[in-house]
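Structure assessment
So the chains spell out like this:
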Amino acid sequence: MPLTVGFDLDMTLIDPRPGMAAVMNAVGAESGYALDGEHFAANLGPPLDMTYRDFGVPEEEIPALIARFRALYPEVVIPATVALPGAAQSLAVVREMGGGTVVVTGKYRANAALHLAAFGWEVDRLFGELWSTGKAEALRAEGADVYVGDHVGDVRGAKAAGAVSVGVVTGPCSREELADEGADVVLGSLTEFPGWLLGWAASRAS
C-alpha cells in the first residue's frame, strides 16, 4: 500500500510564534480583554475558542474575536513565520519514497494554506480546524500510516486513527509528556525524521 504521512503545522513544520503573539495582543488591545499573546504563542495547539475561554472571554463574544484574529493573521503572521529545521526535508522524503503527505492542523484552513504557499510546500491534502482526537477522522480518511506532531493532542489524534504517532519536542510538550501520552517515537526535531522514516519503512517492508 502507498505510504501516507500526516503532519501537524504549528511548531511541527513551522514556527509562527512571534506573529501569533502579536495578533493575539492586538485583538486584546482592540477588545479590552486581557489576552496574553506571549503565553498563547508559547502554548500553541488548542483551537482559538478554547484559548479565548481560558482567557475569560464571554462565550457570546468568542466568534467575533475569532473572526478578528483570522482577519489580522495574513499580514502579520505569514511574513513573520519561519520553517522549522528539517520540515522541507521531511515532506520531501515522503515524496521520494512514493508516498503522500497530508497536513492536519487546528489552524483555520485558509491561513494554513497561506503558510504552505509561502514556503512553496505542496501537500496532497490539507485539513484545518481539527484538534486532538478530532484529527482522527481526517487521518483515517486519508489512510495515514504515520502522524507527526508536537503536542499531546497530536498523539491522541494519531492513536485514535490507528496511525504511528511520532512526537517532536519543538513545541510546548516535553519528551516525557509525549511519551507518556503514548507516542510511538519521540524525536528532537524533524531533522531526525527522514532517517527514522526510511528505517521504519524498511522494517515494515521486511
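Everything in this summary refers to the structure shown in the same document. Keep in mind it's a predicted model, so treat the numbers as computed, not measured.

1. Topic: the overall build of the protein
A count of helices and strands for the protein gives 10 helices and eight strands. Relative to the 2.2 N^0.38 estimate, which gives 17 Å for 206 residues, the radius of gyration of the protein is 17 Å and therefore close to what a compact globule would have. A principal-axis box enclosing the C-alpha atoms of the protein has dimensions of 60 × 35 × 30 Å. Contacts spanning at least 24 positions in sequence make up 60% of the contacts within the protein whose residues lie at least 6 apart. Accessible surface, the protein: about 9,000 Å² in total, of which carbon and sulfur atoms supply 53%.

2. Structural notes on the packing of helix 5 (residues 87-96) against helix 10 (residues 193-205)
Packing of helix 5 against helix 10 leaves a shortest axis separation of 9 Å and a crossing angle of 25°. Classified by the angle between their axes, helix 5 and helix 10 sit roughly parallel to one another. Considering only the axes of helix 5 and helix 10, their crossing is right-handed. Seen from helix 5, the contacting residues are Gln 89, Ser 90, Val 93 and Val 94; seen from helix 10, they are Phe 193, Pro 194, Leu 197 and Leu 198. Here the residues of the contact of helix 5 with helix 10 sort into six nonpolar, two polar and no charged.

3. Some points on the sheet that holds strand 7 (residues 164-168)
Strand order in the open sheet made by the six strands is 5-4-1-6-7-8, with parallel pairing throughout. The open sheet terminates on both sides in strands that have one partner only, identified here as strand 5 (125-127) and strand 8 (185-187). Pairs of neighbouring strands in the sheet enclose a mean axial angle of 20°, with direction left out of account. Sheet topology places strand 7 next to strand 8; three bridges connect them, and they run parallel. Counterpart to Val 168 in the pairing with strand 8 is Leu 187.

4. Here's the deal with the side chain of Thr 105
With respect to the element layout, Thr 105 can be found in the loop between strand 4 (100-104) and helix 6 (109-119). Aside from chain neighbours lying at most four places away, what touches Thr 105 is Asp 8, Leu 9, Ala 112, Leu 126, Phe 127, Gly 128, Glu 129, Leu 130 and Lys 135.

5. With respect to the packing of aromatic side chains
Applying the stated criterion across every chain, the model contains six aromatic pairs. On the basis of an interplanar angle of 90° and a centroid distance of 5.8 Å, the ring pair of Phe 40 and Phe 69 is categorised as edge-to-face. Residue Phe 40 is located in helix 2 (residues 37-42), and its partner Phe 69 is located in helix 4 (residues 62-80); the two are separated by 29 residues in the primary sequence. Relative accessible area serves as the criterion here: at 3%, Phe 69 is assigned to the buried category. Note on Phe 69 and Tyr 73: the rings are 6.0 Å apart at their centroids and 50° apart in plane angle, and the pair reads as tilted.

6. Here's the deal with the pairing of strand 7
Buried residues dominate strand 7, accounting for five of its five residues. Taking every second residue as pointing to the same face, both faces of strand 7 are buried, with Val 164, Val 166 and Val 168 on one and Ser 165 and Gly 167 on the other. By the bridge criterion, four bridges tie strand 6 (residues 146-149) to strand 7 in an arrangement that is parallel. Along strand 7, the bridge assignment pairs Val 148 with Val 166.

7. Brief notes about helix 5
For helix 5, the full list of buried residues reads Ala 87, Ser 90, Leu 91, Val 93 and Val 94. Down the axis of helix 5, the sector holding all buried residues measures 160°, keeping them to one side. Here the buried face of helix 5 lies against strand 1 (4-7), strand 4 and helix 10. Looking one or two residues beyond helix 5, the residue adopting positive phi is Gly 98, at roughly 80°.

So, how was this worked out
- Residues numbered from 1 in each chain as written.
- Predicted model: local features only at pLDDT ≥ 70, side-chain atom pairs only at ≥ 80, totals over all residues.
- Heavy atoms only, no water.
- Helix = DSSP H or I, 4+ residues; strand = E, 2+ residues; numbered from the N terminus.
- Rg over C-alpha atoms; globule rule 2.2 N^0.38 Å.
- Contact = heavy atoms within 4.5 Å.
- Areas by Shrake-Rupley, 256 points an atom, 1.4 Å probe, with all protein chains shown as cover.
- Axes fitted to C-alpha atoms, helices over the stretch in contact; angles between N-to-C directions.
- Parallel < 35°, antiparallel > 145°, perpendicular 65-115°, else oblique.
- Left-handed = near helix turned anticlockwise from the far one by under 90°.
- Nonpolar A, V, L, I, M, F, W, Y, C, P; charged D, E, K, R; others polar.
- Pairing = 2+ DSSP bridges.
- Phe/Tyr/Trp six-rings, centres within 6.5 Å; stacked < 30°, edge-to-face > 60°.
- Buried < 20%, exposed > 50% of the residue type's maximum accessible area, 1.4 Å probe, protein only.
- Arc of directions from axis to C-beta.

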